[in-house]
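One-letter residues, chain by chain:
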There are 2 protein chains.
Amino acid sequence: MVNPKPVDQLTEMEGLVLALLHRDGPLTAYEIKEVFRKSPSAFWSGSAGAVYPLVKRLEKRDILSSTDVSETRRPRREFTLTERGEQLMLAWLSDVERAVDPGYDPLRTRMQFAGMLEDQQREALFDAIADRIPSPASPAPGVGTEDLHRLWLEARRDWFSRFRAIFRR
Amino acid sequence: MVNPKPVDQLTEMEGLVLALLHRDGPLTAYEIKEVFRKSPSAFWSGSAGAVYPLVKRLEKRDILSSTDVSETRRPRREFTLTERGEQLMLAWLSDVERAVDPGYDPLRTRMQFAGMLEDQQREALFDAIADRIPSPASPAPGVGTEDLHRLWLEARRDWFSRFRAIFRR
DNA sequence: CTGACCATGTAACCAGTTACATGATTCA
DNA sequence: TGAATCATGTAACTGGTTACATGGTCAG
């Protein structure tokens, strides 16, 4: 890493878009937006207002390039990584510092405070959550490696039930 | 849930502050800020610019109340939940819809694209990450239930090593 | 032809960010 | 007494959000 200028910094969303384009590209802004919208996490809403400006500013920064691929009267613009974009994508993907960050998990956050609830309330909440945590048997659609997500859901479920058991001791 | 008006909506950060105040309060804005700053996740920076305005607007919405507890010339203002604040905190804590959301994990996100890397690059990245994922033996400080975090780190580590094994098959 | 949905995009807003300002306290 | 740190707070910015506008395409 030779003097990575702050101007090369990418937001997590930008990095993710680059990785997406590298793996599945070229894509239109709309297609990118749909990937976000269909992802199981509400962390990103998959709003047009996020994606269209994002690709626009990345193109201006010479990270993406686009070509008009309209076949009808409707405009249609596909985006690809520039060479610089490839480099930044790799840097983002290999950013160990960021990768190891625990990030944000609304369940984990709440469980810190599970002890505040009355036994009965807590059990009711735990039941409701246990019902709703998706089971590995029905993997969430379209978020990359099947295995990754299956394993992730398994781990999260296991973790939750182990944590829950603490209150039963 | 009887007609929860949108004005009662809390951001995740606001909800977390309420839960914190309920469990450990009363606290000053500075003390709240420190909790965020010391948390292992970079998800929130723990900036004054987030916390001071937050408590101010929650007080204006009759969710928090504050009292001046200065003992020296330096102003010192402690915040507590109002009755309404208690209710909203419980609603936030028991929000199953939000709780079950997978949230955001920078590692999980990146691992979706691990297949793009050359074997050698990938192994190097995996090694670097494995070195840096905190071990359950050295729990992160001050983020609530010890057990919760220990279990969480264990689960994350297990998940990562199982996922990694896929590439070795 | 018309209504539903597809696709592109913009506008207004907002909850965070970084950076800075200011004064209080503490300690060498 | 002066430097470092504590503590409170504000200002400017920004990357997202929701909501809206507009026109194209397609099915009945």
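Thresholds, definitions, all that
- Residues numbered from 1 in each chain as written.
- Chains lettered and ligands numbered in written order.
- Predicted model: local features only at pLDDT ≥ 70, side-chain atom pairs only at ≥ 80, totals over all residues.
- Heavy atoms only, no water.
- Helix = DSSP H or I, 4+ residues; strand = E, 2+ residues; numbered from the N terminus.
- Buried < 20%, exposed > 50% of the residue type's maximum accessible area, 1.4 Å probe, protein only.
- Contact = heavy atoms within 4.5 Å.
- Near = heavy atom within 4 Å.
- Polar contact = N/O pair within 3.5 Å; in protein donor to acceptor, adjacent residues only side chain to side chain.
- Least-squares fit on C-alpha atoms with pLDDT ≥ 70 in both.
- Expected span 1.5 Å × (residues − 1).
- Arc of directions from axis to C-beta.
- pLDDT = per-residue confidence, 0-100.
- Buried area = accessible area lost by both parts, 1.4 Å probe.
- Salt bridge = Lys/Arg side-chain N within 4 Å of Asp/Glu carboxyl O.
- Pairing = 2+ DSSP bridges.

Considering the environment of B:Gly15
Residue and element names in this part refer to chain B.
Next up, step 1: Along the chain, the position of Gly15 falls in helix 1 (residues 12-24).
Next up, step 2: In this structure Gly15 comes out as buried when scored by relative accessible area, which is 0%.
Next up, step 3: For Gly15 and Trp92, which are 77 residues apart along the polypeptide, the C-alpha to C-alpha distance reads 5.9 Å.
Next up, step 4: Residues within four places of Gly15 in sequence aside, it is in contact with Leu10 and Trp92.

As for the protein's contact with DNA strand D
Next up, step 1: Around DNA strand D, 20 residues are found, and the nearest of them are A:Thr11, A:Ser45, A:Thr72, B:Tyr30 and B:Arg74.
Next up, step 2: Each atom of DNA strand D within 4 Å of the protein belongs either to a base or to sugar and phosphate, the latter forming 67%.
Next up, step 3: A:Arg57 places a polar side-chain atom, nitrogen or oxygen, 3.2 Å from a phosphate oxygen of DNA strand D.
Next up, step 4: At a separation of 3.0 Å, a base nitrogen of DNA strand D approaches a polar side-chain atom of A:Arg74.
Next up, step 5: Contributions of two or more residues to the surface near DNA strand D are made by helix 3 (48-60) of chain A together with helix 3 (48-60) of chain B.
Next up, step 6: If you tally residues by element for the surface near DNA strand D, the top one is helix 3 of chain B, at 4 residues.

Structural notes on unusual backbone geometry
Next up, step 1: Residue A:Asp62 is not a glycine yet carries a positive backbone phi of 60°.
Next up, step 2: Structurally, the position occupied by A:Asp62 is in the loop between helix 3 and strand 2 (64-68).

Overview of the relation of the copies chain B and chain A
Next up, step 1: Superposing chain B onto chain A takes a rotation of 180° plus a shift of 0.0 Å along the axis, which leaves an RMSD of 0.0 Å. Such a combination of turn and shift is consistent with a two-fold rotation axis. Ranked by how close their C-alpha atoms come to the rotation axis, the residues of chain B are headed by B:Tyr104, at 2.6 Å.
Next up, step 2: Here 100% of the interface residues in chain B have copies in chain A that are interface residues too; the copies meet face to matching face.

Some words on helix 3 of chain B
Residues and elements named next belong to chain B.
Next up, step 1: Here helix 3 spans 18 Å end to end across 13 residues, near enough to the 18 Å set by a 1.5 Å rise per residue.
Next up, step 2: By the burial criterion, the buried members of helix 3 are Val51, Leu54, Val55 and Leu58. Seen along its axis, helix 3 keeps its buried residues to an arc of 90°; they face one direction. Along helix 3, exposed side chains directed more than 90 degrees from the buried face belong to Gly49, Lys56 and Lys60.
Next up, step 3: Lining the buried residues of helix 3 we find helix 1, helix 2 (29-38), strand 2 (64-68) and strand 3 (77-81).
Next up, step 4: The positive-phi residue at the C-terminal boundary of helix 3 is Asp62, with phi of around 60°.

Some details on the confidence of the model for chain A
Residue and element names in this part refer to chain A.
Next up, step 1: On average, chain A scores 86 in pLDDT, and the residues at 70 or more come to 88%.
Next up, step 2: Averaged pLDDT values over the elements of chain A bottom out at 84 in helix 8 (residues 146-166) and peak at 96 in helix 1 (residues 12-24).
Next up, step 3: For the stretch residues 1-6, pLDDT sits under 50, and the model shows 0 contacts to residues farther than four places along the chain or on other chains.
Next up, step 4: Within the model, pLDDT remains below 50 along residues 139-144, and this stretch shows 10 contacts once partners closer than five positions in the same chain are excluded.

Details of the interface of chain B and chain A
Next up, step 1: Each partner contributes residues to the interface: chain B has 58 residues there, and chain A has 58 residues.
Next up, step 2: Among the residues chain B hides against chain A, the three largest losses belong to B:Tyr104, B:Arg110 and B:Trp152. Together they make up 14% of the total.
Next up, step 3: At the junction of chain B with chain A, the criterion picks out 4 salt bridges.
Next up, step 4: For the salt bridge of A:Arg132 with B:Glu97, the shortest nitrogen-to-oxygen distance reads 3.2 Å.

What to know about the protein's contact with DNA strand C
Next up, step 1: Lining the immediate environment of DNA strand C, one finds 20 residues, of which A:Tyr30, A:Arg74, B:Thr11, B:Ser45 and B:Thr72 sit closest.
Next up, step 2: The contact atoms of DNA strand C, taken as those within 4 Å of the protein, divide so that sugar and phosphate hold 68%.
Next up, step 3: Taking B:Ser45, its main chain carries an N or O atom lying 2.7 Å from a phosphate oxygen of DNA strand C.
Next up, step 4: Elements supplying a minimum of two residues to the surface near DNA strand C: helix 3 of chain A together with helix 3 of chain B.
Next up, step 5: Looking at which element gives the most residues to the surface near DNA strand C, the answer is helix 3 of chain A, with 4 residues.

Notes on the sheet that holds strand 3 (residues 77-81) of chain A
Residues and elements named next belong to chain A.
Next up, step 1: With antiparallel pairing, 3 strands are arranged side by side in an open sheet as 1-3-2. Sheet topology places strand 1 (27-28) and strand 2 at the edges, where each strand pairs with a single neighbour.
Next up, step 2: As paired strands, strand 2 and strand 3 are joined by 5 bridges and run antiparallel to one another. By the bridge assignment, Ser65 is partnered in strand 3 with Thr80.

Brief notes about the pattern of salt bridges
Next up, step 1: Per the counting criterion, the structure on display carries 32 salt bridges over all chains.
Next up, step 2: Between A:Glu123 and A:Arg164 there is a salt bridge, and its shortest N-O distance comes to 3.0 Å. Taken together, the positions of A:Glu123 in helix 7 (residues 119-132) and A:Arg164 in helix 8 put the pair 41 residues apart, joining distant regions of the chain.
Next up, step 3: Exposure remark for A:Glu123: the relative accessible area of 26% places this residue in the partly exposed category.
Next up, step 4: Where salt bridges share partners, they join A:Glu12, A:Asp95, A:Arg98 and B:Arg110 into one cluster.

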